[in-house]
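An overview of the molecular structure
Residues per chain are reported as follows:
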Amino acid sequence: MNRGFITVIIGPMFSEKSGELIRRCQKLMKYGRKHVKAYKPAEDDRFSTDEIVSRIGYRLTAASVPRELPSSSVEQILRETKDADVVAFDEASFFGKPIIALTEELAYQGKHIIVDGLNMDYRGKEFGYIGGLLAIADEIVKLTSFCAVCGDANATFTQRIVNGKPARLGPVFLIGDTESYEPRCRCCFVPPHKVSEEDVEGLTDTNTASQA
């Protein structure tokens, strides 16, 4: 029987987490001759509804499932992955608490699970249940990006912005791209509770309409 294995890829936005997940899956398919089944949150349709897409152009066919992962979706995934060697989950930090038990169960079945997700939300706090996934991981891959302010190559934070300025407190789950977020290093990151009145004077969060 194959030994189960859990790989968790984390980092801020624009660190190519999805690209790393796709690259690993494609390598396992091509050279390891493994059967790979991939999933993504249905709410994240920024680039495709039936593929995981990285910003540098990597693509991997994937099924979309509700981010809350109701029992019907969990059962569906368990059925569909019965013969899979590798199961991948993109944007795992968007998924609800069932992602932890589901990942564990798939690993108990001897599968290699590869998940990627944001390490922190725009507040600089643990995003969703990524911490629980890190706790059960056999391998952790931590990626960084380039700070949008100073250019430092070790950016680990995701800054939410409104009209180019750091945003104050708002909804945690807000799908967006370069118009709403940018990577920052620790020195340049401004948590929402430290945003000054001068930074936000006259601004309104026009992106809240995009809240999923």
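Residues numbered from 1 in each chain as written. Predicted model: local features only at pLDDT ≥ 70, side-chain atom pairs only at ≥ 80, totals over all residues. Heavy atoms only, no water.

Let's talk about the overall build of the protein chain
Summing up its helical and strand segments, the protein chain has 5 helices and 11 strands in all. In terms of overall dimensions, the protein chain is globule-like: its C-alpha atoms have a radius of gyration of 18 Å, near the 17 Å expected for 212 residues. If you line up the protein chain on its principal axes, its C-alpha atoms span 60 × 35 × 30 Å. Within the protein chain, the proportion of its 212 residues that are buried is 49%. Of the accessible surface of the protein chain, which amounts to about 10,600 Å², a share of 48% is contributed by carbon and sulfur atoms. Counting 27 positive and 30 negative side-chain charges, the protein chain places the averaged centre of each group 5 Å from the other. (Helix = DSSP H or I, 4+ residues; strand = E, 2+ residues; numbered from the N terminus. Rg over C-alpha atoms; globule rule 2.2 N^0.38 Å. Buried < 20%, exposed > 50% of the residue type's maximum accessible area, 1.4 Å probe, protein only. Areas by Shrake-Rupley, 256 points an atom, 1.4 Å probe, with all protein chains shown as cover. Lys, Arg positive; Asp, Glu negative; His and termini not counted. Charge placed at Lys NZ, Arg CZ, Asp CG, Glu CD.)

Comments concerning the packing of aromatic side chains
The tally for this structure, following the rule as stated, stands at 4 aromatic pairs. Taking 6.2 Å as the distance between ring centres and 85° as the angle between the ring planes, the aromatic pair formed by Phe89 and Phe95 counts as edge-to-face. For the pair shown, Phe89 and Phe95 are each scored as buried. A connected cluster of aromatic rings, assembled from ring pairs, spans Tyr39, Phe89 and Phe95. In this arrangement the basic side chain of Arg160 is found over the ring face of Tyr122, its NZ or CZ atom lying 3.8 Å from the centre. (Phe/Tyr/Trp six-rings, centres within 6.5 Å; stacked < 30°, edge-to-face > 60°. Lys NZ or Arg CZ within 6 Å of the ring centre and 35° of its normal.)

Brief notes about the sheet that holds strand 10 (residues 165-166)
The 3 strands are arranged 10-9-11 in an open sheet whose pairing can be described as antiparallel. Edge positions in the sheet fall to strand 10 and strand 11 (181-184), since each has one partner strand and no second. Where strand 9 (residues 157-162) lies against strand 11, 4 bridges are found, and the strand directions are antiparallel. Following the sheet pairing, Phe157 is matched in strand 11 by Arg184. (Pairing = 2+ DSSP bridges.)

Notes on the state of the cysteines
Enumeration according to the criterion identifies 0 disulfides in this entry. Cys185 supplies the cysteine sulfur nearest to Cys188, a cysteine that is in no disulfide, at a spacing of 3.7 Å. (Disulfide = S-S within 2.5 Å.)

Let's talk about helix 2 (residues 71-80)
Residues of helix 2 that are buried: Ser73, Val74 and Ile77. Along helix 2, the residues classed as buried sweep out an arc of 100° about the axis, all on the same side. Across helix 2 from its buried face, at more than 90 degrees, point the exposed residues Ser71 and Arg79. (Arc of directions from axis to C-beta.)

Details of the sheet that holds strand 7 (residues 112-118)
On the basis of which strands lie adjacent, the open sheet formed by 6 strands has the order 5-2-6-7-1-8 and parallel pairing. If you trace the sheet from one side to the other, it starts and ends with strand 5 (63-65) and strand 8 (139-142), each paired once. The average undirected angle you get between the axes of adjacent strands in this sheet is 20°. Here strand 1 (residues 5-11) pairs with strand 8 via 4 bridges, running parallel. (Axes fitted to C-alpha atoms, helices over the stretch in contact; angles between N-to-C directions.)

Examining the pattern of salt bridges
Enumeration according to the criterion identifies 6 salt bridges in this entry. As a salt-bridge pair, Arg23 and Glu20 come within 2.9 Å of each other at their nearest N and O atoms. Placement of the pair is Arg23 and Glu20 together in helix 1 (residues 17-30), with a separation of 3 residues, close to one helical turn. Taking the shortest distance from any N to any O, the salt bridge between Arg59 and Glu51 comes out at 2.6 Å. Put simply, Glu20, Arg23, Arg24 and Glu139 are held in one network by salt bridges that share partners. (Salt bridge = Lys/Arg side-chain N within 4 Å of Asp/Glu carboxyl O.)

A few points about the packing of helix 2 against helix 3 (residues 98-108)
Contact geometry of helix 2 with helix 3 gives a least axis separation of 11 Å together with a crossing angle of 20°. By the criterion of interaxial angle, the relationship of helix 2 to helix 3 is roughly parallel. The crossing of helix 2 and helix 3 is right-handed. Residues Val74, Ile77 and Leu78 of helix 2 touch helix 3, and the partners they reach there are Pro98, Leu102, Glu105 and Leu106. (Parallel < 35°, antiparallel > 145°, perpendicular 65-115°, else oblique. Left-handed = near helix turned anticlockwise from the far one by under 90°. Contact = heavy atoms within 4.5 Å.)

Quick notes on the confidence of the model for the protein chain
Caution applies to low-pLDDT parts of the model: their predicted coordinates are not meant to be read in detail. The pLDDT averaged across the protein chain works out to 88; a share of 91% of its residues lies at or above 70. Low pLDDT (under 50) marks residues 200-212, which in the prediction has 24 contacts with non-local residues, meaning those over four places away or in another chain. (pLDDT = per-residue confidence, 0-100.)

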